[in-house]
Amino acid sequence: MPGVPPSAPSGDDLLKVLSALGNPHRMRIVAALLESRNYVSALARLIGMGRPLLHMHLQRLEAAGLVVGTLEVGEDGKSMKYYDVTPFLYELTPRAVADAAATLTRTTDPDPAAGRTAKEEAK
């Protein structure tokens, strides 16, 4: 719906997006897909990356909701997976980060610095 601002992402979702975009290869993939949708082999040639590594990066981008893959079968019966960039908009401000941080779920590996005293930190 035009004119309606996007909802603020949860802390977990924002971390997933920032982590996915925190890699130069994945940023290049998004840039290439912005120009046009493409299938894995052609995208690998365009970016200059091996298909296995490209697949790994595409999976990370797809898990973050930044790209979407669609399996298509050609007239010759050969299947090819095409990828498109999904429209996204994230406002990254101190307030947006604070709001997202308030929704973070607990992680299984605690912060190693948590619970330490100032004296222990100084060591």
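All figures in this text were calculated on a predicted structure; none of them were measured in a lab. (Residues numbered from 1 in each chain as written. Predicted model: local features only at pLDDT ≥ 70, side-chain atom pairs only at ≥ 80, totals over all residues. Heavy atoms only, no water.)

Undergrad: Before we move on, can you summarise the pairing of strand S2 (residues 67-73) with the specific residues and values?
TA: Where S2 lies against strand S3 (residues 79-85), seven bridges are found, and the strand directions are antiparallel. By the bridge assignment, Val67 is partnered in S3 with Val85. The hairpin formed by S2 and S3 contains five residues between the paired strands, and Gly77 there has a positive phi angle of roughly 85°. (Pairing = 2+ DSSP bridges. Helix = DSSP H or I, 4+ residues; strand = E, 2+ residues; numbered from the N terminus.)

Undergrad: Talk me through the side chain of Asn38; I want residue IDs and the actual numbers.
TA: Of note, Asn38 is situated in strand S1 (residues 38-39). What Asn38 contacts, discounting residues up to four positions off in sequence, is Leu33, Leu43, Leu46, Lys81, Tyr82 and Tyr83. (Contact = heavy atoms within 4.5 Å.)

Undergrad: Account for the pairing of S3, naming residues and giving values.
TA: As paired elements, S1 and S3 share two bridges and run antiparallel to each other. Bridging from a neighbouring strand, Asn38 pairs with Tyr83 of S3.

Undergrad: Describe the sheet that holds S3, with residues and values.
TA: With respect to topology, three strands assemble into an open sheet ordered S1-S3-S2, the strand pairing being antiparallel. Two strands bound the open sheet, and with one partner strand each, they are S1 and S2. Lying over the sheet, helix H2 (residues 24-35) contacts S1, S2 and S3, oriented at roughly 95° with respect to S3. (Axes fitted to C-alpha atoms, helices over the stretch in contact; angles between N-to-C directions.)

Undergrad: Let's hear about the packing of aromatic side chains: which residues, and what values?
TA: Working definition: an aromatic ring pair is given by the centre-to-centre distance plus the angle between the planes. Under the counting rule described, the total for this entry stands at two aromatic pairs. On the numbers, 5.6 Å between centres and 65° between planes, the contact of Tyr39 with Tyr82 is edge-to-face. Residue Tyr39 is found in strand S1, and its partner Tyr82 is found in strand S3; the two are separated by 43 residues along the sequence. On the basis of an interplanar angle of 45° and a centroid distance of 6.1 Å, the ring pair of Phe88 and Tyr90 is categorised as tilted. According to the relative accessible area criterion, Tyr90 is partly exposed, its value standing at 32%. Between the NZ or CZ atom of Arg37 and the centre of the ring of Tyr82, over which it lies, the distance is 4.2 Å. (Phe/Tyr/Trp six-rings, centres within 6.5 Å; stacked < 30°, edge-to-face > 60°. Buried < 20%, exposed > 50% of the residue type's maximum accessible area, 1.4 Å probe, protein only. Lys NZ or Arg CZ within 6 Å of the ring centre and 35° of its normal.)

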